[in-house]
Amino acid sequence: MTEDAPSKGSDDQRPTPPDPGSPSPELRASDADRERVAEQLRDALAEGRLDMEEFEERLEAAFKARTYRELAPLTRDLPGAHAAAPISMVKQPEESGSWAGRIVGGEGSSSWGVAILSGFERKGRWTVPKRFNSFAFMGGGEIDLREANFADREVVVNVVAVMGGVNVIVPPGVEVVVRGIGIMGGFDHREEGRAGDPGAPRVIVTGFAFWGGVGVERKLTRAERLRLKEERRQEKLERKSARKELEGSRREGLGDMFDALDDAHDLIRERHEERRERQEERRERHRERRDERHRRRHGGY
């Protein structure tokens, strides 16, 4: 007697074991992961697998997703044989510019800043040491970490402000802890309590403020704001192109209405961003003029 051959398709009925190389569903997704999902959704829209309403709902969910668990269901029902390559659930080596690439070790390129009747600033490409000390007496300082590298995964920014102020600017994704003490002054705690990105450094702001203040704020760089603006513009153009292909001449009027709504929404958002950028630029010019006046009158560090 010959043994019965296994029935066709039996392998498909067996549960697929979990891939030991896949990260946890709770692992945070990167911008590249979200963009891969968005590209697959655009292809599915062009092929007629998704209608416009489904596409917009899933695209919005993709760009809001923070973890792999939120991203995976968005393309689960799209056939991989005809759609774009599905999202890779295996993390690739760190790319240039990632947090791992910005934690460089060493001693730091600057370890202190002093403002006595004047001002100081640390900004741009510099390396934050494990402990940065600063002192402001009737003056001001700015410590900008948005483009900085870090000597360690945990750095301390120690600030002493007496009748003066220091502003600490951190990029999104960095965990912030504020431990300073204020007497007739204070430390800004608004940025505490946000979890950092995987691999991102931890910034501890500590010190003492007497009749002064230490501000902590989280901001994107101007280049990053422009990049996000350009991404939104490209998405708008892609949506218009997809609507024209799907709606055709019979729904031309409805497509024009969608375009008009998109244009109005984008215009409001762009004006809001431009107003915020102008306000930030005015504040920066004001600080620069104030610091320049202090330097001319009293000399600076």
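For the structure, check the block above.
Residues numbered from 1 in each chain as written. Predicted model: local features only at pLDDT ≥ 70, side-chain atom pairs only at ≥ 80, totals over all residues. Heavy atoms only, no water.

**Observations concerning the side chain of Glu142**
Move 1: Residue position: Glu142 is located in strand 5 (residues 140–144).
Move 2: Filtering out sequence-adjacent residues up to four positions away, Glu142 remains in contact with Phe120, Glu121, Arg122, Lys123, Asn167, Ile169 and Arg287. (Helix = DSSP H or I, 4+ residues; strand = E, 2+ residues; numbered from the N terminus. Contact = heavy atoms within 4.5 Å.)

**A word on the nonpolar core**
Move 1: One finds Ile143, Leu145, Val203 and Val205 to be the most contacted residues of the largest nonpolar core, which totals 28 residues.
Move 2: For this core, the secondary-structure elements that each account for two or more residues are strand 4 (131–137), strand 7 (154–162), strand 8 (165–170), strand 9 (175–178), strand 12 (202–210) and strand 13 (213–218).
Move 3: If one sorts the elements of this core by residue count, strand 7 sits on top with four residues.
Move 4: The contacts of Val205, once residues within four sequence positions are left out, are Val157, Val168, Val177, Val178, Arg179, Gly180, Phe187, Val214 and Val216.
Move 5: By size, the runner-up hydrophobic cluster in this structure holds 16 residues, among which are Ala29, Leu50, Leu59 and Leu74. (Core = buried A, V, L, I, M, F, W, Y, C linked by side-chain atoms within 4.5 Å. Buried < 20%, exposed > 50% of the residue type's maximum accessible area, 1.4 Å probe, protein only.)

**A short note on unusual backbone geometry**
Move 1: You will see that Met163, though not glycine, has its phi angle at about 50°, which is positive.
Move 2: By secondary structure assignment, the location of Met163 is in the loop between strand 7 and strand 8.
Move 3: The backbone of Met184 sits at a positive phi, close to 50°, despite the residue not being glycine.
Move 4: Structurally, the position occupied by Met184 is in the loop between strand 10 (181–183) and strand 11 (186–187).

**Focus on the packing of helix 2 (residues 31–46) against helix 3 (residues 52–64)**
Helix packing for two helices is described by the angle between their axes and how far apart those axes are.
Move 1: It is at 9 Å that the axes of helix 2 and helix 3 come closest, and there the two elements cross at 175°. The angle between the axes of helix 2 and helix 3 places the two elements in the roughly antiparallel class. When helix 2 is examined against helix 3, the residues Arg34, Glu35, Val37, Ala38, Leu41, Arg42 and Leu45 are found in contact with a partner set consisting of Met52, Phe55, Arg58, Leu59, Ala62 and Phe63.
Move 2: Partitioning the contact of helix 2 with helix 3 into residue classes produces nine nonpolar, no polar and four charged. (Axes fitted to C-alpha atoms, helices over the stretch in contact; angles between N-to-C directions. Parallel < 35°, antiparallel > 145°, perpendicular 65-115°, else oblique. Nonpolar A, V, L, I, M, F, W, Y, C, P; charged D, E, K, R; others polar.)

**Some remarks on the pairing of strand 4**
Move 1: On strand 4, burial follows the alternation: Phe132, Ser134 and Ala136 on one face are buried, whereas Arg131, Asn133, Phe135 and Phe137 on the facing-out side are not.
Move 2: Two strands pair when backbone bridges link them, and strand 1 (residues 112–116) and strand 4 are joined in this way by five bridges, in the parallel orientation. The partner of Ala115 across the bridge, within strand 4, is Ala136. (Pairing = 2+ DSSP bridges.)

**Thoughts on helix 3**
Move 1: Under the 1.5 Å per step criterion, the end-to-end length of helix 3 is 18 Å for 13 residues, consistent within 8% with the ideal 18 Å.
Move 2: Among the residues of helix 3, Met52, Phe55, Arg58, Leu59 and Ala62 are the ones counted as buried. Seen from one end, helix 3 has its buried residues packed into an arc of 135°, which puts them on one side. Looking at helix 3, the residues exposed on the side facing more than 90 degrees away from the buried face are Glu53 and Lys64.
Move 3: The N-cap residue of helix 3 is Asp51: its side-chain oxygen and the backbone nitrogen of Glu53 are 3.3 Å apart. (Expected span 1.5 Å × (residues − 1). Arc of directions from axis to C-beta. Polar contact = N/O pair within 3.5 Å; in protein donor to acceptor, adjacent residues only side chain to side chain.)

**A short note on a positive patch on the surface**
Move 1: On the surface, Arg275, Arg278, Arg282, Arg283, Arg285 and Arg289 cluster together into a patch of positive charge.
Move 2: Checked against the element boundaries, Arg289 lands in helix 7 (residues 252–298). (Patch = residues over 30% accessible without salt bridge, like charges linked within 9 Å, V, L, I, M, F, W, Y side chains within 5 Å. Areas by Shrake-Rupley, 256 points an atom, 1.4 Å probe, with all protein chains shown as cover. Salt bridge = Lys/Arg side-chain N within 4 Å of Asp/Glu carboxyl O. Lys, Arg positive; Asp, Glu negative; His and termini not counted. Charge placed at Lys NZ, Arg CZ, Asp CG, Glu CD.)

**Points about the packing of aromatic side chains**
Move 1: Going through the model one piece at a time under the given rule, you end up with two aromatic pairs.
Move 2: When the centroid spacing of 5.6 Å and the interplanar angle of 70° are considered together, the rings of Trp126 and Phe132 count as edge-to-face. Residue Trp126 shares its accessibility class with Phe132, and that shared class is buried.
Move 3: When the ring of Phe210 is compared with that of Trp211, the centres are 5.6 Å apart and the planes differ by 0°; the resulting orientation is stacked. (Phe/Tyr/Trp six-rings, centres within 6.5 Å; stacked < 30°, edge-to-face > 60°.)

**Description of helix 2**
Move 1: The terminal C-alpha atoms of helix 2, which comprises 16 residues, lie 23 Å apart, in line with the 22 Å expected from a rise of 1.5 Å per residue.
Move 2: Listed as buried for helix 2 are Asp33, Arg34, Val37, Ala38, Gln40, Leu41, Arg42, Ala44 and Leu45.
Move 3: Gly48, located one to two residues past helix 2, shows a positive phi value of around 85°.

**Structural notes on a negative patch on the surface**
Move 1: Among the surface-exposed residues, Asp51, Glu53, Glu54 and Glu57 lie close enough to one another that they form a single negatively charged patch.
Move 2: In this fold, Glu54 is placed in helix 3.
Move 3: Taking the relative accessible area as the measure of exposure, Glu54 reaches 33% and is therefore partly exposed.

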